[in-house]
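Remarks on the overall topology
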Amino acid sequence: MTVYRPELLTTASSLEELRMLMEAGADAFVVGESRFAARLPGEFSLEQIARAVELAKQSPREVKIYVSMNNIFDNALLDAIPGYVTELARIGVTAVVFGDPAVLMAVRQYAPALQLHWNAEMTSTNYETANFWGRRGASRFVCARELNMEQIVGMKQHTKLELQVQVHGMTNIYHSKRSLVQSYMDYKQHSIDEGKSGQNAGMYLMEAERPDDRYPIYEDANGTHIMSPDDLCMIENLHELMEAEIDSFKIEGLLKSTEYNVTVVRAYRAAIDAYCSSPQDYRFRDEWLESIQAKQEPGRELSYGFFYKEQVY
């Protein structure tokens, strides 16, 4: 009989942060490079990905490295995909995260040992879509963040694929391939140092109707990304997802400090371990949430996102 134990997945901005988060209790990491992936906390070259795999192997427990390939691919990038996925398989990466069928076809032809995690952001909304990609080789389905609890539980009941759900951190609400921030600054005859993005500049948008909500702007090589004004936090209700046996819980570390991410990973690690040791005796502990609240950025609320909303779009 297989004992249920969900994966605690997170991101990392560097090898040092990856090491610290692994020690804090993370089971898996999503890394990558901006040529193939968008909204990365940090850039990982193939050499650094190989080093991440080696660090994972040194852990006393099993730790997996996944590589994000969620970019919007044009014709110019297609020729680079086969060589890239071949190298990922050679260095021991477990899976690639993809949304474009071009990645799936390249993996199946050139690197069939790699697992495929399908993530098309907001369009991953039903189990028939999950099963469609499962028949084509995907082993995991990343649920849209706009789904509520009932929809996620229902999806688990109708698919054999692993399900991944984001449980903490900010979410992306808008993406444009255009560098809107840089264009605006050029128009205003200002300049931003080369390589500086919204992450470093601390820029955000505000709505006239909701002046207290600040939407961080993140700009990278793939364009402009507008992020949510609050941070998803499901630690109080994580047991509901564990009761449904959701396979992977993701903590998004984008635009967060290493200290914050370590605190969050430790809290979720404690909650998961407490549940798995004795589900019938599980009780939420206030100190798990309080440790996160102590590191939370002033003005950014913790919320349940769409988990308890009836209208999701």
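One structure accompanies this document, and this report is about it. Here the structure is a predicted model, which is why all the values come from computation and not from measurement.

Tallied over the entire structure, the rule returns 10 aromatic pairs. Ring centres of F36 and Y84 lie 4.0 Å apart, and the angle between their planes is 25°; on these two criteria the pair is classed as stacked. Placement of F36 in the loop between β2 (28–31) and α2 (46–58) and of Y84 in helix α4 (residues 81–91) is noted, with a sequence separation of 48 residues between them. Like F36, the residue Y84 is buried in the burial classification. Ring pairs connect the aromatic residues F98, W118, F132, W133 and F141, which therefore count as one cluster. Just above the ring of F132 sits the side chain of R136; from NZ or CZ to the centre is 3.7 Å.

On to the pattern of salt bridges. Inspection of the entire model under this criterion finds 16 salt bridges. For E16, the salt bridge goes to R19, with nearest N and O atoms at 2.3 Å. Here R19 and E16 lie together in helix α1 (residues 15–24), a separation of 3 residues that amounts to about one turn. The partly exposed category is assigned to R19, whose relative accessible area is 27%. Note that K156 and D247 form a salt bridge whose closest N and O atoms lie 2.8 Å from each other. Of this pair, K156 sits in helix α7 (residues 149–156) while D247 sits in the loop between α10 (238–243) and β13 (248–251); the two residues are 91 residues apart in sequence, bridging distant segments of the chain. When its relative accessible area of 22% is taken as the criterion, D247 is described as partly exposed. Members of the salt-bridge network, linked through shared partners, are R5, D27, R61, R269 and D273.

Here we take up the nonpolar core. Judged by nonpolar contacts, the single largest core of 81 residues is most densely connected at F29, M69, L88, L241 and Y268. Among all residues touching L88, those that are not within four sequence positions of it are L46, I49, V67, M69, V93, V96 and L114. The next biggest cluster of nonpolar side chains, apart from the first, holds 6 residues, and it includes L9, A28, V30 and A95.

What counts as what
- Residues numbered from 1 in each chain as written.
- Predicted model: local features only at pLDDT ≥ 70, side-chain atom pairs only at ≥ 80, totals over all residues.
- Heavy atoms only, no water.
- Phe/Tyr/Trp six-rings, centres within 6.5 Å; stacked < 30°, edge-to-face > 60°.
- Helix = DSSP H or I, 4+ residues; strand = E, 2+ residues; numbered from the N terminus.
- Buried < 20%, exposed > 50% of the residue type's maximum accessible area, 1.4 Å probe, protein only.
- Lys NZ or Arg CZ within 6 Å of the ring centre and 35° of its normal.
- Salt bridge = Lys/Arg side-chain N within 4 Å of Asp/Glu carboxyl O.
- Core = buried A, V, L, I, M, F, W, Y, C linked by side-chain atoms within 4.5 Å.
- Contact = heavy atoms within 4.5 Å.

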